[in-house]
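Fold and contact review
Take a look at the letters that make up each chain.
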Amino acid sequence: MVDEQERLLPIANVGRIMKQILPPSAKVSKEAKQTMQECATEFISFVTGEASDKCRKENRKTVNGDDICWALGALGFDNHADAIVRYLHKFRVAERDKAAQNKASCSRNSQDKDEEESSEDQQPHQQADVPSNSKLQVLEFSH
């Protein structure tokens, strides 16, 4: 079986999340972090398991964000599902915008490179200096 600590969320991350909601002077005991670590890990496993079952019934291998939202609702966490649906929508919009920005940036870089190459093509290429009055000597070999 998988080592218990390997299946749990990292306790430092759990503690950091817990401290974000507390006043700056508040402290969180090790026991509280461990309890929350186990609860959060169990919750994620519970929701993911439900989403995975749905995917298996639909003959799909990949669990996506929509499946997680559906699972939250199916398990009675409708208010959380609604919030996650809104977050997922914003995330997807941001990812599309980022991809479009990257594509535009790559396109601009490609155009800049093409313009550089084009300007190089318009400049005369330097050739080796060969005197115009030089004569070619042809040697014939007799056999």
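Everything numeric in this text was worked out from a predicted model, so none of it was measured. (Residues numbered from 1 in each chain as written. Predicted model: local features only at pLDDT ≥ 70, side-chain atom pairs only at ≥ 80, totals over all residues. Heavy atoms only, no water.)

Here we take up the packing of aromatic side chains. A complete count under the given rule lists two aromatic pairs for this structure. Relative to Phe77, the ring of Phe43 has its centre 5.2 Å away and its plane inclined at 90°; by these criteria the two rings are edge-to-face. With Phe43 in helix 3 (residues 30–57) and Phe77 in the loop between helix 4 (65–74) and helix 5 (78–122), this pair connects stretches of sequence that are 34 residues apart. Given a relative accessible area of 35%, Phe43 falls into the partly exposed group. When its relative accessible area of 24% is taken as the criterion, Phe77 is described as partly exposed. A centroid spacing of 6.2 Å and a plane angle of 20° characterise the contact between Tyr87 and Phe91, whose relative ring orientation is stacked. Of the two residues, Tyr87 and Phe91 both sit in helix 5, four residues apart, roughly one turn of that helix. Of note, Lys54 hangs over the ring of Trp70, and the distance from its end group to the ring centre comes to 5.5 Å. (Phe/Tyr/Trp six-rings, centres within 6.5 Å; stacked < 30°, edge-to-face > 60°. Helix = DSSP H or I, 4+ residues; strand = E, 2+ residues; numbered from the N terminus. Buried < 20%, exposed > 50% of the residue type's maximum accessible area, 1.4 Å probe, protein only. Lys NZ or Arg CZ within 6 Å of the ring centre and 35° of its normal.)

A word on the side chain of Lys54. Within the fold, Lys54 resides in helix 3. When neighbours within four sequence positions are excluded, Lys54 is seen to be in contact with Arg60, Asp67 and Trp70. (Contact = heavy atoms within 4.5 Å.)

Attention now goes to helix 4. Restricting attention to buried positions, one finds in helix 4 the residues Asp67, Cys69, Ala71 and Leu72. The residue sitting at the N-terminus of helix 4 and contributing the capping side-chain oxygen is Asn64; that oxygen lies 2.9 Å from the backbone nitrogen of Asp66. Positioned one or two residues after helix 4, Gly76 has a phi angle of 95°, which is positive. (Polar contact = N/O pair within 3.5 Å; in protein donor to acceptor, adjacent residues only side chain to side chain.)

The subject of this paragraph is the confidence of the model for the chain. Here the chain shows a mean pLDDT of 82. Residues at 70 or above account for 74%. At the low end of the mean pLDDT range in the chain sits helix 1 (residues 4–7), at 77; at the high end sits helix 3, at 96. (pLDDT = per-residue confidence, 0-100.)

Another point: the nonpolar core. Counting residues in hydrophobic clusters, the biggest one holds five residues: Val47, Ala51, Ala71, Leu72 and Ala81. At the level of elements, helix 3 and helix 4 are the ones that each hand at least two residues to this core. Among residues more than four places away in sequence, those in contact with Leu72 are Phe43, Val47, Phe77, Asp78, His80, Ala81 and Ile84. (Core = buried A, V, L, I, M, F, W, Y, C linked by side-chain atoms within 4.5 Å.)

What follows covers the environment of Glu38. Of note, Glu38 is situated in helix 3. Assessed through its relative accessible area of 43%, Glu38 is described here as partly exposed. Along the backbone, Glu38 and Val14 are 24 residues apart, and their C-alpha atoms lie at a distance of 9.8 Å.

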